[in-house]
Structures are given as structure tokens and as C-alpha cells.
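Residues per chain, in single letters:
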Amino acid sequence: MESRGRVRGVLVECPDAGAFAAALASRLGELIDRALTERGRAVLALAGGRTPFAAYRLLAAQARDWSRVSLLATDERWVDADHAHRNEAEMRRAFEAASGVHFVPLVPAKADGAPNAEFAEARLVDLDAPFDAVVLGMGGDAHTASLFPGSPGLDSAIDPSSAGSAFVVTPQPLPPEAPHARITLGLARLKRSHARILGITGDGKRKVWQSVLDAEPSADRPIGLFLHDAAAPVAVYWSP
Ligand SMILES: O=C1O[C@H](COP(=O)(O)O)[C@@H](O)[C@H](O)[C@H]1O
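Counting from 1, residues in each chain are numbered in the order their sequence is written. Thresholds applied to this predicted model are a pLDDT of at least 70 for local features of residues and 80 or more for the giving and counting of side-chain atom pairs; totals over whole chains, interfaces and linings are not thresholded and use all residues.

### Quick notes on the overall build of the protein chain
Runs of E in the DSSP output that reach at least two residues are strands. Runs of H or I that reach at least four are helices, and both are numbered from the N terminus. Scanning the protein chain from N- to C-terminus turns up 8 helices and 12 strands. Computed over its C-alpha atoms, the radius of gyration of the protein chain comes to 17 Å, within 12% of the 18 Å expected for a compact globule of 240 residues. Based on the C-alpha atoms only, the size of the protein chain along its principal axes is roughly 40 × 40 × 30 Å. As a rule, residues whose C-beta atom has 12 or fewer other C-beta atoms within 10 Å are exposed, those with 20 or more are buried, and those in between are partly exposed; C-beta atoms are placed from the backbone. For the protein chain, with 240 residues in total, the buried portion stands at 44%. Based on C-alpha atoms, the radius of gyration is set beside the globule rule, defined as 2.2 Å times the residue count to the power 0.38.

Rendered as C-alpha cells:
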């Protein structure tokens with residue numbers, strides 16, 4: 001436990017990417033097994049992007065009854081199910097070893113027409129209990145999930161009085177590595193979890209994380225809306 005900025009929280013510093021993946025997979029495995037023991041079921045919302053995927057592959061190799069585990073992305077790109085930028089598709093590949101695990105999509109298999117959150121909301125109706133774990137990532141602009149600073153849709157997605165759990169956010173500008181509108185879980189839904197974890201790697205992201213802690217919470221740095229909430233602490237996993 002250590003104090004950073006004005007926030008107390010857990011920081012797990014790992015010496016390298018392998019140790020980061022192992023530590024994250026181990027913690028997620030503990031959280032899943034606790035949920036299975038206590039509730040007979042586990043539901044996790046997992047970051048997409050790139051950073052956590054080695055951890056997901058290690059997690060998937062752990063032995064347990066995966067048929068009682070459901071996974072969804074914290075956010076999804078408005079693309080078809082087989083698109084290379086679809087977070088869910090990448091997760092399905094990472095969890096191939098986890099026989100029987102369930103995936104809850106946030107976007108229809110054919111992402112036709114204007115992006116909308118109706119499909120996601122319909123899937124989330126059955127997942128009203130707190131998540132067992134939420135894994136967040138963070139971009140260099142301090143976005144998390146698809147809560148992109150300064151983007152259309154952000155205000156509703158971070159407003160605790162907004163109805164619903166899922167929102168359309170269109171990053172502005174569109175990130176070159178995944179230039180798509182997004183469906184993201186909102187701030188309140190992401191916080192409603194038995195555990196919140198942020199996974200980041202590299203000195204650049206560590207500096208962003210520290211600068212967010214040192215600043216007042218603001219919609220300009222959406223990850224700070226989690227990191228500054230003492231009522232919903234975030235464990236941070238980091239490696240160079
Ligand atoms: O677009 C996204 O970016 C963030 C960060 O991704 P990373 O590749 O820098 O780890 C990710 O957490 C989010 O789920 C994803 O859709």
C-alpha cells in the first residue's frame with residue numbers, strides 16, 4: 001500500500017512484462033475462484049487494447065470450471081465480430097484454453113448502421129450484480145475503457161445520474177490504431193465491481209498515471225475519475 005498524489009491504493013510493481021502478466025493472471029484467478037466459491041458464478045469486465053493479453057492467456061491456462069465464468073470487454077469498437085480491431089475477437093483467441101467460458105458481446109456480430117448501445121444494454125440486463133473484477137487499461141491521453149477525453153458521448157458516460165450502463169463514445173480524434181466509434185461501459189457500471197485493477201506498462205504510462213494522481217480529478221483525464229475515488233479503490237499493476 002502506498003500513497004501517491006492524494007490517493008491511497010495498491011501499486012504492484014513488476015520487474016518485467018512476464019512478471020506483470022503472471023501477477024495479473026494470478027490475481028484474476030484468485031478473484032474468479034473466490035466468486036465461484038461464494039456465488040457459484042464469476043463475471044469479469046476486461047480491458048481490450050494490447051497491454052493485458054499475455055495475462056489473459058496465462059489466466060486461460062488455469063484449471064477451473066470455466067463454464068461458470070462470463071467475460072465481457074470494458075469497451076468495444078463498432079466493428080463486425082470478425083474484425084481485427086474487435087476487442088471481443090482478440091479475447092476469444094486469448095481465452096481459447098478456457099473451455100466453456102462465456103463471452104458477452106457489446107456490439108452485434110454485424111455492426112451495421114449508426115453505433116448504438118441498445119444491443120449492449122440488452123445483454124447487460126442479466127448482469128446486474130457487481131462484477132467480480134474490472135480490468136482497466138489506460139491510453140497515453142489518460143482515457144480508460146473508451147472514456148476518451150473531449151469526445152462526443154463522454155459526458156453521459158461519466159455522469160452517475162445517466163440511465164443505462166453502456167454508451168456510444170466517438171473518440172476525437174479517432175485513434176489511428178483503431179479508428180472506430182466505441183460502445184463503452186459507463187463510469188458508474190465500471191466502478192460497480194468487487195475489485196478494480198488498472199494494468200499499465202512502460203515509463204510513459206507510469207508518468208501519465210502519476211500526473212493524473214497529482215492533478216484534480218477531471219473529465220480531461222478520465223482514468224483519474226477512478227483513481228481519485230477512495231470509495232472504489234483501484235489496484236495498479238505496472239511493469240517497465
Ligand atoms: O482503445 C483501447 O485502449 C485502451 C488502452 O489500450 P492499450 O493497447 O494501450 O493497452 C484499452 O484499455 C481499451 O480497452 C481499448 O479499447
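### Some points on the UniProt feature "domain: Glucosamine/galactosamine-6-phosphate isomerase" (unreviewed entry) in the protein chain
UniProt positions are given in the numbering used here, feature names are shortened, and annotations may be inferred rather than shown by experiment. If you check UniProt for "domain: Glucosamine/galactosamine-6-phosphate isomerase" (unreviewed entry), the listed places come out as residues 16-227 in our numbering. Between the first and last C-alpha atoms of residues 16-227 the distance is 23 Å; the span itself is 34% helix and 16% strand.

### Describing the sheet that holds strand β10 (residues 182-185)
On the basis of which strands lie adjacent, the open sheet formed by 3 strands has the order β6-β10-β9 and antiparallel pairing. Pairing within the sheet leaves two strands with one partner each, and these edge strands are β6 (75-77) and β9 (166-169). Averaged over all neighbouring strand pairs, the angle between strand axes comes to 20°, with direction disregarded. DSSP bridges decide pairing: two strands pair if at least two such bridges lie between them. To obtain an axis, a line is fitted to C-alpha atoms, over the contacting stretch when the element is a helix, and the angle between two such axes runs from 0 to 180 degrees between their N-to-C directions.

### Observations regarding the pairing of strand β8 (residues 133-136)
Burial of the side chains of β8 extends over both faces: A133 and V135 are buried on one face and V134 and L136 on the other. In terms of strand pairing, strand β4 (residues 42-46) meets β8 through 2 bridges, oriented parallel. Each bridged residue has a counterpart across the sheet, and for A45 the counterpart in β8 is V134.

### Some words on the nonpolar core
Ranked by size, the top nonpolar core spans 69 residues in total, and within it L44, L46, A133 and L136 carry the most contacts. With residues near it in sequence (within four places) discarded, L46 still touches P52, Y56, L71, A73, T74, M91 and V135. Each nonpolar core comprises buried Ala, Val, Leu, Ile, Met, Phe, Trp, Tyr and Cys residues, the members being joined through C-beta atoms within 7 Å. This entry defines residue contacts through backbone-placed C-beta atoms, with two residues in contact when those atoms are within 7 Å.

### Some remarks on the site of the ligand
Near, as applied to residues and a molecule or strand, means the residue's backbone-placed C-beta atom lies within 6 Å of it. In the vicinity of the ligand lie 13 residues, with G48, G49, R50, T51 and G137 positioned nearest. Residue composition of the shell around the ligand, grouped by class: 3 nonpolar, 8 polar and 2 charged. In this count, Pro and Cys sit with the nonpolar residues alongside Ala, Val, Leu, Ile, Met, Phe, Trp and Tyr, while Asp, Glu, Lys and Arg are called charged and the others, Gly among them, polar.

### Observations concerning helix α3 (residues 87-94)
Regarding α3, the residues found buried are N87, E88, A89, M91 and A94. At its buried positions, α3 is contacted by β4, α2 (53-60), β5 (69-73), β6 and β7 (102-104).

### Remarks on the sheet that holds strand β12 (residues 234-239)
Strands pair in a sheet through their backbones, by hydrogen bonds, and they do so in one of two ways: parallel or antiparallel. Taken in spatial order, the 7 strands line up as β3-β12-β11-β8-β4-β5-β7 in an open sheet, and their pairing is parallel. The open sheet terminates on both sides in strands that have one partner only, identified here as β3 (11-13) and β7. Between one strand axis and the next, the sheet turns through 20° on average, direction left out of account. As paired strands, β3 and β12 are joined by 3 bridges and run parallel to one another. Looking at β12, one finds that E13 is bridged to W238. Packed onto the sheet, helix α1 (residues 17-39) meets β3, β4, β5, β8, β11 (196-201) and β12 and runs at close to 150° relative to β12.

### What about the pairing of β10?
A two-sided burial pattern is seen for β10, the buried positions comprising R182 and T184 on one face and I183 and L185 on the other. Pairing of β6 with β10, which is carried by 3 bridges, proceeds in the antiparallel orientation. The partner of R77 across the bridge, within β10, is R182. The sheet contact formed by β9 and β10 spans 4 bridges and is antiparallel. Opposite V168, over in β10, you have I183 as the bridge partner.

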